[in-house]
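Architecture and fold: a report
Each chain, letter by letter, is given below.
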Amino acid sequence: MPLSVWWERRGSVSTARRVAIPIVAITLALAVGAIVLWFAGISPGGAYSSMIEASLGSGRGIAATLMRAAPLMLTGLAVAFALRMQLWNIGAEGQLLLGATGATAVYFAFPTLPGWILMPLAAVAAVLAGGLWATIAAVPRALIGLNEIITTLFLNYIALRFVSLLVYGPWQDPEGKGFAYSKPIPDQGLMGFLWGTDVTTGVALSLVFVAVSWYTIARTRWGFSTEILGGNPSAGIYLQLPAKSRVISVMLVSGGIAGMAGFLQLTAVTGRLQPDIASGYGYTGILLAFLAGRHLLMIPVVAVLFSALIQGGYSLQTDGLSNSISVIIQCVIILFVLIAGAASSYRLRVAWRPRPQQRSTSPRAVAP
Amino acid sequence: MNFLTVALTSAVVLGAPLILAALGELIAERSGVLNLSVEGMMLVGAAAGFAITYNSKNAWLGVAAAAVAGALLALVHAFVCVSLRVNQIVSGLTLALLGAALAAVLGREYAGVPMPVKIPNLPIPLLSEIPVIGPALFSRDLFVYAAFVMVPIASLVLYRTRVGQWLRATGEAPAAADSAGVPVYTVRYAAVLLGGLLAGTAGAYFSIAYSRTWSDGLTAGRGWIAIALVIFASWRPLLLIPGALLFGFIDSLNFQFQTLGIQVSTDLLGMMPYAITLLALVIVWLRQRRGGHGVPRALGIPYERESRT
């Protein structure tokens, strides 16, 4: 008898496995990260302990981690929201940039308005700018079916150049010695702190966005029909759901959420428009949405995890490594979750008998 | 050199790596596997190629290392998507970001270091004497020649050989191909790996031959343009050449305007490749509508043998 190896589909995946997968994935990803660190000539133990110290080891560290989690939550939510309709919004980075630009425009147009009216105005501008930027890709997708992955991505590069154009041109800080940033926004436009903590109001705002989005998707007619259109387009057409206009409105909301992340970055972190204001959060948002999966309420949890990784990464203060190590760990977590998820819905069989050709145990073999 | 020669030269020089990367992606997509990690594979190739060339002083060893680095990333994609049947978009995007980050770590000691070796230009006798076309097309290095020669070869293989027939069948109707005895999984693995080899090589072109230096994010989104080129060419190899030349030319506008002494914002020009590609995609997609775009029918769909009926 020859030795045969094959994959066999399992009927279902147990809860224990579902819980174990992310934990194992994170552990393995940290191990891969350690190898990368060691390869780069840095002691993994020392690096990890300084990462933990910087992100979770002190009140300041925790506050910084939470603050960084706020825009990540929004970019992740933006991607995950569009994914509920099977739309791949890869453009959160650009929508964030446009959101920050829109808010900056409001601040520069009305620099003397009181904060309580100026800030909401700027936030609305950010949401609109981000949303409209996303519709540039949504319209060709809705009308002629041009895939949105490449188009949203190209819009990121265009947005980056657009912001650069502004901060080197009309909005350049005259006292900035030619550096790439705008004049500062007025003081009354800066984000305040939550009651007596080091955490900005942005964290609470982001949680509200997550909660409202979850409610909209999970508890309203609009959300339900959106999911039908995403999961089973032909059923959507049969039910006469507005497929084309829904693509545009979902991308508008998705882009708007990412634009709000731009408002947070502007008012809570940089205080002025600059090309690096997005710091790759739009791309991290994609990974975040992949890891959170279909559960919008998981987004804050994953955002804090990723934020701690990024915050910790900066503590390494090594060029080319500080930014990358957190991205590497995030990506490897996702790859292991994918692999483990697929592997646990299959069973690896090794036996001293020929591989069965047609198996009735496979549910896909009986169901069409 | 006159303007026309400069314009054509830069279109060829910047179009060649686009051809390599896009051809690799086209092959993978023709087998039914969408690999969005081209940018990541190119960056890994660029960093590995630079590191190996710098340390060995042998550019071709560097190119080989770059190809292998690109293929390693592609192997992960093939394993996750072909064997484990995970969503190809999720895997591809994750690997695009992973590749960029790995390249940043790999290349960090070489940032700003000049490349010690030069890949020589090899003017082809007689042909290189032709005005305009001669200096632009026939006085280039092996990279450029290889890129342009590979396209008609790929086209011949794809449409005129057994292997090409297998590849097309796998991408169009994997179940039928499987029944007919085509090794679907092997074909898909091979196509994705070949795509990785070519993308890695395209990346090495930037670090070893074109920029001759390493900096973070060196390829600046050209991997994504390569993916767009495949759509632009409606999945036909020969159509990659005009597309790549056009985008190579747009890509070089910054440099062109400088040589002509025309003052245009570099940011405005930097937008051009992406803005024009976006516009071109919309127009091409509209025009192709009646012809059915040429998208391989099984593109993005994992093949599962058990579900064969």
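**Examining the overall build of chain B**
Helix and strand counts for chain B stand at 13 helices and zero strands. The order of helices and strands in chain B, counted from the N terminus, is α-α-α-α-α-α-α-α-α-α-α-α-α. For chain B, whose C-alpha radius of gyration is 19 Å, the value lies close to the compact-globule estimate of 19 Å for 309 residues. Summarising its shape, the C-alpha atoms of chain B cover approximately 65 × 45 × 40 Å along the three principal directions. Every one of the 309 residues in chain B was classed for burial, and the buried ones make up 52%. Restricting to contacts in chain B with at least 6 residues of sequence separation, those with at least 24 account for 79%.

**So, the confidence of the model for chain A**
Residue and element names in this part refer to chain A. Residues of chain A with pLDDT of at least 70 account for 95%, and the chain-wide mean is 89. Mean pLDDT in chain A bottoms out at helix α14 (residues 363–366), which sits at 37, and peaks at helix α4 (residues 92–109), which reaches 97. Contacts from residues 358–368, a stretch scored under 50 in pLDDT, to residues over four places away or in other chains number 18 contacts.

**Description of the confidence of the model for chain B**
The predicted model of chain B averages 91 in pLDDT, with 97% of residues at 70 or higher. Across the predicted assembly, pTM comes out at 0.92 and ipTM at 0.92.

**Re the interface of chain B and chain A**
Taken together, the contacts link 41 residues of chain B with 41 residues of chain A. At the level of secondary structure, the elements contributing two or more residues to the side of chain B that touches chain A comprise α4 (88–107), α10 (222–232) and α13 (266–288) of chain B. Here the side of chain B that touches chain A is composed, by residue class, of 26 nonpolar, eight polar and seven charged.

**Observations concerning the environment of L98 of chain B**
Here L98 of chain B is to be found in helix α4. For L98 of chain B, a count of 25 C-beta atoms within 10 Å translates into the label buried. Once the C-alpha coordinates of L98 of chain B and A71 of chain B are considered, the two residues, 27 residues apart in sequence, prove to be 14 Å apart. Contact partners of L98 of chain B, with chain neighbours within four places excluded, come to I328 and C331 of chain A together with G40 of chain B.

**Topic: the packing of helix α7 (residues 162–172) of chain B against helix α9 (residues 184–210) of chain B**
A packed helix pair is summarised by two numbers, namely the angle formed by the two axes and the spacing between the axes. All names here are of chain B. Contact geometry for α7 and α9: axes closest at 10 Å, N-to-C directions at 100°. Considered as vectors, α7 and α9 are oriented roughly perpendicular to each other. Contacts between α7 and α9 pair W166, L167 and T170 from the former with V184, V187, R188 and A191 from the latter. In the contact of α7 with α9, the residues fall into five nonpolar, one polar and one charged.

**What about helix α1 (residues 15–39) of chain A?**
Compared with the 36 Å implied by 1.5 Å per residue over 25 residues, the 37 Å span of α1 of chain A between its first and last C-alpha is a close match. I21 of chain A marks the point of greatest bend in α1 of chain A, at about 25°, and the proline P22 of chain A comes within the next four residues. Residues of α1 of chain A that are buried include every one of A25, A29, G33, V36 and L37 of chain A, and no others. In the core, the buried residues of α1 of chain A are packed alongside α2 (44–56) and α13 (322–345) of chain A together with α4 of chain B. Residue G41 of chain A follows α1 of chain A closely and has a positive phi angle near 80°.

**Considering unusual backbone geometry**
Unusually for a residue other than glycine, S234 of chain B sits at a positive phi of about 40°. Mapped onto the elements of the fold, S234 of chain B is located in the loop between α10 and α11 (240–251).

**Thoughts on the environment of R17 of chain A**
Residue and element names in this part refer to chain A. Examined against the element boundaries, R17 turns out to sit in helix α1. Residue classification places R17 among the partly exposed positions, given that 16 C-beta atoms sit within 10 Å. For the pair R17 and Q172, spaced 155 residues apart in sequence, the C-alpha separation works out to 54 Å.

**Regarding the nonpolar core**
Ranked by size, the top nonpolar core spans 225 residues in total, and within it L74 and L77 of chain A together with I19, A22, A46 and L229 of chain B carry the most contacts. Sequence-distant contacts of A46 of chain B, that is, excluding residues within four places in its chain, are made with A66, A103, G203, A204, F206, S207, W214, L218 and T219 of chain B.

**With respect to the packing of helix α5 (residues 115–144) of chain A against helix α6 (residues 148–168) of chain A**
Residue and element names in this part refer to chain A. Between α5 and α6, the shortest axis-to-axis distance is 9 Å and the interhelical angle comes to 150°. Relative to α6, the element α5 lies roughly antiparallel. Of the two possible hands of crossing, α5 and α6 adopt the one that is right-handed. Between α5 and α6, the contacting residues are W133, A134, I136, A137, A138, P140 and R141 on the first element and E148, T151, T152, L155 and A159 on the second. Split into classes, the residues belonging to the contact of α5 with α6 amount to eight nonpolar, two polar and two charged.

Criteria and thresholds
- Residues numbered from 1 in each chain as written.
- Chains lettered and ligands numbered in written order.
- Predicted model: local features only at pLDDT ≥ 70, side-chain atom pairs only at ≥ 80, totals over all residues.
- Helix = DSSP H or I, 4+ residues; strand = E, 2+ residues; numbered from the N terminus.
- Rg over C-alpha atoms; globule rule 2.2 N^0.38 Å.
- Buried ≥ 20, exposed ≤ 12 C-beta atoms within 10 Å, placed from the backbone.
- Contact = placed C-beta atoms within 7 Å.
- pLDDT = per-residue confidence, 0-100.
- Nonpolar A, V, L, I, M, F, W, Y, C, P; charged D, E, K, R; others polar.
- Axes fitted to C-alpha atoms, helices over the stretch in contact; angles between N-to-C directions.
- Parallel < 35°, antiparallel > 145°, perpendicular 65-115°, else oblique.
- Expected span 1.5 Å × (residues − 1).
- Bend = angle between axes of the 7 residues up to and from the residue.
- Core = buried A, V, L, I, M, F, W, Y, C linked by C-beta atoms within 7 Å.
- Left-handed = near helix turned anticlockwise from the far one by under 90°.

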